[in-house]
Every structure is written in C-alpha cells, then in structure tokens.
Amino acid sequence: MPTVKYQKGDTVMGRWPGSSLYYEVKVLGFKPRTQLYTVIYKDGTELELKEQDIKSVSGFQTRSRSRSRSPSRRRSRSRSPARTTRRSSSRTTAAVAATAVTESAPSSRRDSKLKDTVEVRLSPLVSAAASEAKVEAESEKNQGPYNLRRRKADGDAKPELLEKAKAPPAPAAIHSTPLDFGGKIGAYFWLLFLPAWVLFVILQVNLKDPSLVNAPPPLPPLDAFWDAQALGFVILWILFQALLYILPVGKLSEGMPLRSGERLKYRTNGFFAIVVSAIVAGIAVHQGVDLTYVHSHFLQLATATFIISVLLSIYLYVRSRYASSAELALGGNSGNVVYDFFKGHELNPRIKNFDLKFFCEMRPGLIGWCLINFAMALAEMKQQNLDAPSYAMILVNLFQLLYVVDGLWNEEAILTTMDLMHDGFGFMLAFGDLVWVPFTYTLQAYYLVSHPNSLSLPAVTAIVILKLIGFYIFRKSNSEKNAFRRNPSDPKLSHLKTIPTATGKSLLVSGWWGVVRHPNYLGDLIMALAWSLPCGFSHLLPWYYMIYFIILLVHRDSRDMSECRRKYGSAWDEYCRTVRYRIIPRVY
Ligand SMILES: NC(=O)C1=CN([C@@H]2O[C@H](COP(=O)(O)OP(=O)(O)OC[C@H]3O[C@@H](n4cnc5c(N)ncnc54)[C@H](OP(=O)(O)O)[C@@H]3O)[C@@H](O)[C@H]2O)C=CC1
Ligand SMILES: CC(C)=CCC[C@@H](C)[C@H]1CC=C2C3=C(CC[C@@]21C)[C@@]1(C)CC[C@H](O)C(C)(C)[C@@H]1CC3
C-alpha cells in the first residue's frame, strides 16, 4: 500500500460504527476500489473503515482521557452495539440479543423478521449494494457508512472501550453459570461411576459370555491392578507424544478469540505425530517387540493411566485456584471442591506454550486408541492362530483409524468445538481423554480377540458403505462450521443463509446446519453403528459404544442448546424454529 496513509500492520484507533468511540485496531489492508481500510479490533472483530474514521494512537490518547465529559460520547453510548450489550452486567444475554435483533428488524415487521434474517447471505463485503439483504441494509442504517464485515467475538465478548478491553468478566456472571452433570451430587456420582464402569467393561470383555446386563464379575485381587512396568510404558508413551507435540513441525493455528480478545496459538501437528508413532510401532514390531503385551496387561495399563489422570486433575484443580478470572471457563466454580475438581475450571491451562487440554484431547489417548486396536489385531492372530486379522477386526481397525487420522488431519477444527472453546479442563476431560477414550473405545477390537465373528462379503460391503456415509456427513458438516467460524466471509460459503445474532457472530441456517442442529452428531452416530456391526449381535458389550454415544451426544446437544440460547438469545430461538430437529431429521 505505497500511497495510502495507514499501512498494513499499523496499530491505530478505529471509530466504532455509529458512535464516536474509538478502539485500538490493527490495519489489515486497504481496498483502493472502495477506499476502505480493513481493520481488526482486539476482540477479533473485522470491519472496513473510511480513512476519516481512523486516527493515530498518539492523537487519540490525549482526547480519550475525559470520557465522560464528551457529550458526543455520552450520546453515542446508546447507539453503539457494543455499549448496548454491555451497559448493565445484570442484563441477560438473551435480553440483550432480543434488543439487538429488534434494532435491526423493526417490530412492525416482526412476523417477517425471520424471513428477512434468514435471507442474509454471506457475500464478500464491498460497499452496500442495492441487492444486499434487508438486515444488512438495516444495520447499515444504524451504523452509517461502515461495512460491518464480521465480528469474531466469543460468546458475550464485545468490543469495549479500550481501557476495558482486557477487563476480566464480572465475577457475578461467572458464578451464575448453572451446574451441569447433576450438579454437586452428580459430580460425586460421576467421579465414582466412570472409573468403576471402565473396570466393569474391562472385566466383562474377558468373560466367555460378556454382557452389559450381567452382574459385575468378581473383583481381581488388588495386586492384579498394579504393574510398575505398565506405569513406565504409559509415562513413556505420554512423554513421547509430548515430544512430538512440541517439535517445531507443522502449522501454528490460532484458536478462537478468548473473552479478552486474545487468540492462543496451537501447534497442530497431530497428523505428523500419528505418522511418526505408526512408524515407531512398525519398527518395534519388526524388531520383535511383542505388542500383545497391551492385550495381556490391559487392566494394569488402564490403572496406570487412571492414576496419571487423577494426578493431572489434582494439578489442574490446584492451579485453577491461582488462575486469573480471565483465564477461567464459565463453569467449574461452584465453590464445591468435588464439583469443581470434576468439571474443571481453567479454560486453557498451559505450561509456557504447552497447552495441556489440547494435547490431552488430541494426542496420547487418541493415538493410543489406534495403537491398542493394532495390538488387539495382533493378539487376535495369536490367540486364534490366524495368518491375518479377521474381516471384522480389519474393519474395526480401519474405521477407527480413519476417524482418528481424520481428526488429526483436521486438527485445527477441534479449536471450534465445545471442549476447546467453553469447557474447563478438569477430571472429566482428563479422565475422558486419557482413560475413557483409549480403554473403552477399543472395546470392539478387544472383544473380537476372543469372540470371533465371521462376516460375508455383502455384509462387509454394506458396513463399509454405511461408514462412508456417516463419515461424509460428519466431515462435511464439521468442516462447514469450522470454515464459517474461521472466516464468515469465505466466498466458498457465500451461498449459505445465516441468522445474525447480537454477538456479531451469525448462525448457519442452510447447508448441513440447516438440515438438523447437529449434523456432525448424526454422521458420528452413523459411524458408531458401523463400528459395532462387525462384532455381530451375540452380545451387547460391543454395542456399548453406540449406546454410550447416543447418551453422550444427546446430553451434549442439550448442553450446547442451553449455552447457545444463553449466548444468542432470540436469534437462537429463531434458528431452532427454522431448523426443527436436533440430530435426526424428522425423528429427534
Ligand atoms: N467420538 C467422541 O467421543 C466424540 C465426538 N464428538 C464429535 O466432535 C465434534 C464436535 O462436537 P461438539 O464440540 O460437541 O459440537 P459442535 O462442533 O457441534 O460445536 C457446537 C458449537 O457450534 C456452534 N454452532 C452451533 N450451531 C451453529 C450454526 N447453526 N451455525 C454456526 N455455528 C453453530 C456453536 O458455537 P459458537 O456459536 O460459539 O461458535 C456451538 O456451541 C462432533 O462431530 C462430534 O460428533 C464429540 C464428542 C465426543
Ligand atoms: C464420559 C466421559 C468421561 C466423557 C468425556 C468425553 C470425552 C471422552 C470426549 C469429549 C469430546 C471428545 C472428542 C473426541 C474424543 C472424545 C472426547 C474427548 C474427538 C477428539 C475424537 C476424534 C474426532 O475426530 C474429534 C476431533 C471430532 C473429537 C472431538 C471431541
């Protein structure tokens, strides 16, 4: 930009549309055709501004001191969307959302509001063209000659006066978060039940006639749980994965904007990690390492991992007590030690740049899941004297490998999921990531080691087709949402309809997210079915994942619904009225 006043990368003060408030922004570029600067606010909001609405930082600072004395500033407060939504901490987001939506769609047109809003299209933003949808036109009326391109604020994060931009959320807002998982009593229950359940299924799967409804088998003697070597292997595995994670290989991806507006960086080299892990495992087997150890020491390996997850959770709980309020998730601070320990409180606990939640969610457990499945295939060959694994074992291995590899290949997409964006890191996720995933998601492969199930070729074909259908829905819908959240102006998404919300984020209302409210769950469930089918119908145990997953996703969907209603208020209700079904079209 040789001839323009402000250069790409300059930090300047940008006027907030419709007000005389200025915020610190960074210049991203200049469009000679429209004569507009693209700027980014500290909370991730991107706007296009005229040159006259940009000032140098130094000139601004002198005038910004006496905020309350400027009549124009006082007047502008009520007009600025940012001020409107943050004026009173006691107002609920739902109420705020309702206000904002009313502002952009007059009440006389209330009945046609939905039509107006859902017809907003994601178009590459240039100056207001006559063909632009009504809502955009409405907001332009309010905002003056600005081009409100996108606001990447997280939930209730809003552009705020500069001096408030880094302010932590009001403690009152944090404390008002409702308790999940059955509250405090529920937390006691889950803390005991989850490990007990893992133990139950591990003991069941070794029985000749395993069943989910059988009485629990007798407990083995205490020393059968413990094996120092198993603990050593687990520690080595986690350290090995940690080493791969910190290697400066692969992309550094940006997470979603935090409440402070900051965006954390994540090393998304998961695919590299699984490839290296596979090579190392292959070399080890070639060198004569007996991986069937994993099958024969499954209980001891699970116990060792459980101990590590408990220690990690204690560490996470203690450090969350010292974290600043800006670093905390909106849940996990009930004041009850057990609940907070279970739910987790710190949003992104990090040791320097090492993100503990991201690492645990994507690496040791997930890649460990594939390694265990592979070990089960070797154990099946050994136990049943086979030259190659059975069809059923191959299908289970390949399907789940595809799932994990896909997750790691698209690792950046995890940064827009609930766990990464909203949930604190505590026992639930630490145990879930490190113990639950590798030691219960592998049950189908474990089951097949001693419960063979032969499959005809047509059965194999049908199961493969089912898996591919599920995978297609899962991947397409996740990628669509991820791409939209990362860049709502992406020209590839310009055909999609959206509903604007008061937070500045929009909701997709056509495409995959117009079919059901959680198309990604639908795809995931279809895949889960394809993972269980190879094990046949003789026992319920290999269907455990399917049953658990339905419960998990139905619960997750309702958690997400409440969270989105809190964030988006009436815009979310409109979305729900437009997209009636949650997961399965016309059924649920
Ligand atoms: N195998 C396993 O054990 C598990 C797998 N999964 C899978 O992980 C993936 C991620 O799941 P999860 O994190 O639960 O949920 P989602 O990826 O579906 O994320 C939900 C978030 O997406 C955003 N969103 C919702 N509706 C819309 C819309 N219409 N338009 C745009 N954004 C929208 C909202 O966040 P915001 O608006 O704030 O961006 C909402 O909070 C899924 O595929 C799921 O199946 C999940 C759990 C367990
Ligand atoms: C009962 C209990 C302890 C629950 C904890 C839930 C966790 C096991 C799951 C929460 C969300 C998950 C996701 C994946 C694994 C299971 C957990 C951690 C995931 C990493 C699997 C691979 C996928 O491709 C995925 C990246 C979409 C997925 C993200 C969510």
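Please read all numbers here as calculations on a predicted model, not as lab measurements. (Residues numbered from 1 in each chain as written. Chains lettered and ligands numbered in written order. Predicted model: local features only at pLDDT ≥ 70, side-chain atom pairs only at ≥ 80, totals over all residues. Heavy atoms only, no water.)

**Comments concerning the overall build of the protein chain**
Spelled out, the test is: Only DSSP runs of H or I reaching four residues or more are called helices, and only runs of E reaching two or more are called strands; each is numbered from the N terminus. We call a residue buried when its accessible area falls under 20% of the maximum for its residue type, exposed when it is over 50%, and partly exposed in between, using a 1.4 Å probe and counting protein chains only. For this analysis, residues touch if any pair of their heavy atoms sits within 4.5 Å. Exposure was quantified through the Shrake-Rupley algorithm and a 1.4 Å probe, taking into account, for residues, occlusion by the shown protein chains and nothing else.
Within the protein chain, the regular secondary structure consists of 23 helices and 13 strands. Taking all 588 residues of the protein chain together, the buried fraction comes to 55%. Counting contacts in the protein chain only where the partners sit at least 6 residues apart, residues at least 24 apart contribute 72% of the total. Carbon together with sulfur atoms contributes 63% to the accessible area of the protein chain, which is approximately 26,400 Å² in total.

**Describing the packing of aromatic side chains**
Here is the rule we go by: Each aromatic pair joins two rings of Phe, Tyr and Trp (for Trp, the six-membered one) with centres within 6.5 Å, and gets the label stacked for planes under 30 degrees apart, edge-to-face for over 60, and tilted for any other angle. Placement of a charge over a ring requires the Lys NZ or Arg CZ to be within 6 Å of the ring centre, with the centre-to-atom vector within 35 degrees of the ring normal.
Taken as a whole and judged by the stated rule, the model has 42 aromatic pairs. Judged by centre distance (5.6 Å) and plane angle (70°), the rings of Tyr6 and Tyr37 are edge-to-face. One end of the pair, Tyr6, is in the segment before β1 (11–15); the other, Tyr37, is in strand β3 (residues 36–41), and 31 residues separate them in sequence. Overall, the relative accessible area of 7% leaves Tyr6 in the buried class. Here the basic side chain of Arg350 rests over the ring of Tyr266, its NZ or CZ set 4.8 Å away from the ring centre.

**Thoughts on the site of ligand 2**
Just so we agree on the cut-off: Summary of the distance rule: residues count as near a molecule or strand when at least one heavy atom falls within 4 Å of that molecule or strand. In this count, Pro and Cys sit with the nonpolar residues alongside Ala, Val, Leu, Ile, Met, Phe, Trp and Tyr, while Asp, Glu, Lys and Arg are called charged and the others, Gly among them, polar.
Near ligand 2, the surroundings consist of 16 residues, among which Gly407, Ile414, Asp419, Asp433 and Arg556 are the closest. Burial of ligand 2 by the protein chains amounts to 87% of its free accessible area of 630 Å². Sorting elements by how many residues they give to the shell around ligand 2 places helix α18 (residues 427–440) first, with 5 residues. Among the residues forming the shell around ligand 2, the class breakdown is 10 nonpolar, 2 polar and 4 charged.

**Focus: the site of ligand 1**
The condition that has to hold: Each polar contact in these results corresponds to two N or O atoms within 3.5 Å; when the atoms are within protein, one needs to be able to donate a hydrogen and the other to accept it, and residues that are neighboring in sequence are counted only if both atoms are side-chain atoms.
For ligand 1, the set of nearby residues contains 28 residues, the closest of which are Tyr441, Tyr521, Asp524, Lys567 and Tyr568. Between ligand 1 and the protein, one listed contact pairs an oxygen atom with a side-chain N or O atom of Lys505 at 3.0 Å. Residue Tyr545 places a side-chain N or O atom 3.3 Å away from a nitrogen atom belonging to ligand 1. When contributions to the shell around ligand 1 are tallied by element, the ones reaching two or more residues are α17 (418–421), α20 (457–486), β13 (506–508), α21 (519–532), α22 (544–568) and α23 (570–578). Top contributing element to the shell around ligand 1 by residue count: α22, with 8 residues. Of the residues in the shell around ligand 1, the class split is 16 nonpolar, 5 polar and 7 charged.

**Some thoughts on unusual backbone geometry**
Phi at Asn385 is positive, roughly 55°, even though this residue is not glycine. A positive phi angle is found at Arg586, which is not glycine, with a value near 65°. With respect to the element layout, Arg586 can be found in the segment after α23. What makes Arg586 exposed here is its relative accessible area of 73%.

**Points about the side chain of Asn397**
Inspection of the secondary structure assignment puts Asn397 in helix α16 (residues 391–409). The exposure class of Asn397 is buried, given its relative accessible area of 15%. With residues near it in sequence (within four places) discarded, Asn397 still touches Asn373, Phe374 and Ala377.

**Topic: the packing of α21 against α22**
The condition that has to hold: Lines fitted to C-alpha atoms define the axes here, with helix axes fitted over just the stretch in contact, and angles between the N-to-C directions of these axes take values from 0 to 180 degrees. In these notes the angle categories are as follows: under 35 degrees is roughly parallel, over 145 is roughly antiparallel, 65 to 115 is roughly perpendicular, and the rest is oblique.
Contact geometry for α21 and α22: axes closest at 9 Å, N-to-C directions at 170°. Taken together, the axes of α21 and α22 are roughly antiparallel relative to one another. From α21, Tyr521, Asp524, Leu525, Ala528, Leu529, Trp531 and Ser532 reach across to α22, where they touch Tyr545, Met546, Phe549, Ile550, Leu553, Arg556 and Asp557.

**Structural notes on the confidence of the model for the protein chain**
The line we're drawing: A residue's pLDDT is simply how confident the predictor is in it, with values from 0 to 100.
Confidence in the prediction of the protein chain, expressed as mean pLDDT, is 79, and 76% of residues score 70 or more. Low pLDDT, under 50, characterises residues 61–176; the stretch is placed with 202 contacts to residues that sit more than four places away or in other chains. At the level of chain-chain contacts, confidence expressed as ipTM amounts to 0.96, with global pTM at 0.74.

**Regarding the packing of α16 against α21**
Under the convention used in this document: Helix crossings fall into two classes, left-handed where the near helix is turned counterclockwise from the far one by less than a right angle and right-handed where it is turned clockwise.
Here α16 crosses α21 at 155°, and the two axes come no closer than 9 Å. Classed by the angle they form, the pair α16 and α21 counts as roughly antiparallel. Read as a crossing pair, α16 and α21 show a hand that is left-handed. Together, Val396, Phe399, Gln400 and Tyr403 of α16 and Asp524, Met527, Ala530 and Trp531 of α21 make up the contact between the two elements. Tallied by class, residues from the contact of α16 with α21 come to 6 nonpolar, 1 polar and 1 charged.

**A few points about the pattern of salt bridges**
Keep this limit in mind: For this document, the term salt bridge refers to a Lys or Arg side-chain nitrogen within 4 Å of an Asp or Glu carboxyl oxygen.
For the coordinates displayed, the defined rule picks out 14 salt bridges. A salt bridge links Asp290 to Lys382, with the shortest nitrogen-to-oxygen separation between them at 3.3 Å. Here Asp290, found in the loop between α10 (270–286) and α11 (293–296), pairs with Lys382, found in helix α15 (residues 364–383); they are 92 residues apart in sequence, far enough to count as distant. With its nearest N and O atoms 3.8 Å apart, the salt bridge here joins Arg486 to Glu412. Here Arg486 is found in helix α20, whereas its partner Glu412 is found in the loop between α16 and α17, with 74 residues between them in sequence. Like Arg486, the residue Glu412 is buried in the burial classification. Several salt bridges converge on common partners, so that one network encompasses Lys251, Glu412 and Arg486.

**Some details on the UniProt feature "transmembrane region" (unreviewed entry) in the protein chain**
Heads up, the rule is: UniProt positions are given in the numbering used here, feature names are shortened, and annotations may be inferred rather than shown by experiment.
With numbering aligned to this structure, UniProt lists the feature "transmembrane region" (unreviewed entry) at residues 185–205, 225–247, 268–286, 298–318, 429–449, 455–474, 495–516 and 528–554. Helix and strand shares over residues 298–318 are 100% and 0% respectively, and the end C-alpha atoms of the span are 30 Å apart. In residues 495–516, the share of helix is 0% and the share of strand is 32%. The end C-alpha atoms are 18 Å apart.

**Observations concerning the environment of Trp237**
With respect to the element layout, Trp237 can be found in helix α9 (residues 228–246). Those residues within four positions of Trp237 in sequence are excluded, and the remaining contacts are Ser277, Pro364, Ile367, Gly368 and Leu371.

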